[in-house]
Amino acid sequence: MTAQSQLDGLIAQLLDGNRRAVARLISVVERGGDSADKVIHAIYPHTGNAHLIGITGPPGAGKSTLVNAIAKAFRAADLTVAIIAVDPTSPFTGGALLGDRIRMSDLYGDKGVFIRSMASRGQLGGLAQTTADAVKVLDAGGFDKILIETVGAGQAEVDIASTAHTTIVIEAPGMGDDIQSIKAGILEIADVLVVNKADRPEARNTVRALRNMLQLGGRSQDLHHGRLMETVPVDTMENAKWEPPIVETVATQDTGIDQLVGEIGRHQHYLQTSGRWAVREAQRSWREIERRVVANVLGEISAETRQSLTDAVASRQLTPAAAAKMVLEMEVAK
Ligand SMILES: Nc1nc2c(ncn2[C@@H]2O[C@H](COP(=O)(O)OP(=O)(O)OP(=O)(O)O)[C@@H](O)[C@H]2O)c(=O)[nH]1
Ligand SMILES: [Mg+2]
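Residues numbered from 1 in each chain as written. Chains lettered and ligands numbered in written order. Predicted model: local features only at pLDDT ≥ 70, side-chain atom pairs only at ≥ 80, totals over all residues.

Peer 1: Pulling in residues and values, what's your account of unusual backbone geometry?
Peer 2: In this model, D78 sits at a positive phi of 70°, which is unusual for a non-glycine residue. Relative to the elements of secondary structure, D78 occurs in the loop between α4 (63-76) and β2 (81-87). Of note in the backbone geometry, R316 takes a positive phi value of approximately 65° without being a glycine. Within the element layout of this structure, R316 appears in the loop between α14 (303-314) and α15 (320-333). (Helix = DSSP H or I, 4+ residues; strand = E, 2+ residues; numbered from the N terminus.)

What follows is the structure, given as structure tokens:
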């Protein structure tokens, strides 16, 4: 059997709901290259049905425990669930996240659940791209809900979270100064805020800090170029507005999970009824085009060329614009 017909067979099985095909095709897209492109090309028309849910927050906040609890709640509602645990800080898969797998073990053996760990292995386009491709495989595989867990570690988690329709930002009390631990930028991507470990007394402070930050940030959402959007009719404003709720949970005891799952459902409903679902799809599409353009152009540049251009710009011998032009000309000359 040729590699091509083997791939075709796997793709047919995937679209038929075969779980083994899911795992094998994720490995193919993880490796990248022509086979990955072929897979994505074949499955792309079959994607766009899953609800993608990003879960991010600082290390140890309880993301995996919460993902486990959310997945169980979806399963109870007879929805199929895929979980991708992404660790941008680790170059390895498996090892670092093994703990997660064990914690999620009560979901093992359930054919309606698929769990996969991913780490950054220097892929072209980066982990965000690999994750987006794995999500496509899962989407085409027919999973209703795709949960993407990413540890909060700089820009990476913002990228990966923005792959989702609904982004859940988890905080936990006692992780240093409450406000300091909540990074700027993270609140902007949050559709639902969770204060986990609500069994701890300090959780009250975390909730209060988040509420204050939301109120401060919330006002600017009504501003456009610094002016209030008075021209927008009130009913449209109401429709277009989503106030991120703050949900308190004790993931280890399944406390607050019903409310959290309710808010996730409410957000999905909001996206669909306000027209925002299409807006997010468009944003996601453009971000991916952009990411691929950059990866395609820069991926071919050698480390030496990169270094010499960087040095020339840093030492003011070349402007950033001139360097960019040279990179693009190298691309055209290929
Ligand atoms: N007291 C308390 N402990 C919790 C709660 N949720 C999770 N934990 C514990 O917190 C620790 C970290 O939980 P994880 O679910 O692994 O956290 P995580 O955010 O996935 O961690 P990383 O993936 O390593 O960043 C574990 O020991 C959990 O049992 C909670 O609601 N209350
Ligand atoms: Mg985890």
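Peer 1: Before we move on, can you summarise α14 with the specific residues and values?
Peer 2: Compared with an ideal rise of 1.5 Å per residue, which puts twelve residues at 16 Å, α14 spans 16 Å between its outermost C-alpha atoms and is within 8% of the ideal. Looking one or two residues beyond α14, the residue adopting positive phi is R316, at roughly 65°. (Expected span 1.5 Å × (residues − 1).)

Peer 1: Quick one: what's the story with the sheet that holds strand β6 (residues 192-195), residue by residue and with numbers?
Peer 2: Strand order in the open sheet made by the seven strands is β3-β2-β4-β1-β5-β6-β9, with parallel pairing throughout. Of all the strands in the sheet, just β3 (113-119) and β9 (246-248) have a single pairing partner and so form its edges. For this sheet, the mean angle separating the axes of adjacent strands, direction not counted, is 20°. Where strand β5 (residues 166-171) meets β6, four bridges bridge the pair, whose relative direction is parallel. Residue pairing in the sheet places E171 in a bridge with V195 of β6. Sitting on the sheet, α4 touches β1 (51-57), β2, β3, β4 (145-151), β5 and β6, and the angle it makes with β4 is about 175°. (Pairing = 2+ DSSP bridges. Axes fitted to C-alpha atoms, helices over the stretch in contact; angles between N-to-C directions. Contact = placed C-beta atoms within 7 Å.)

Peer 1: I'd like a rundown of the environment of S117, residues and numbers included.
Peer 2: Counting through the fold element by element, S117 comes out in strand β3. When the 20 C-beta atoms within 10 Å are taken as the criterion, S117 is described as buried. Counting along the chain gives 33 residues from S117 to I84, while the straight-line C-alpha distance between them is 5.6 Å. (Buried ≥ 20, exposed ≤ 12 C-beta atoms within 10 Å, placed from the backbone.)

Peer 1: Now, about the packing of helix α2 (residues 19-31) against helix α6 (residues 126-140): what can you tell me, with residues and values included?
Peer 2: Contact geometry of α2 with α6 gives a least axis separation of 9 Å together with a crossing angle of 155°. Put simply, α2 runs roughly antiparallel to α6. Of the two possible hands of crossing, α2 and α6 adopt the one that is right-handed. Contacts between α2 and α6 involve V22, L25, I26, V29 and E30 from the former and T130, D133, A134, V137 and L138 from the latter. In the contact of α2 with α6, the residues fall into seven nonpolar, one polar and two charged. (Parallel < 35°, antiparallel > 145°, perpendicular 65-115°, else oblique. Left-handed = near helix turned anticlockwise from the far one by under 90°. Nonpolar A, V, L, I, M, F, W, Y, C, P; charged D, E, K, R; others polar.)

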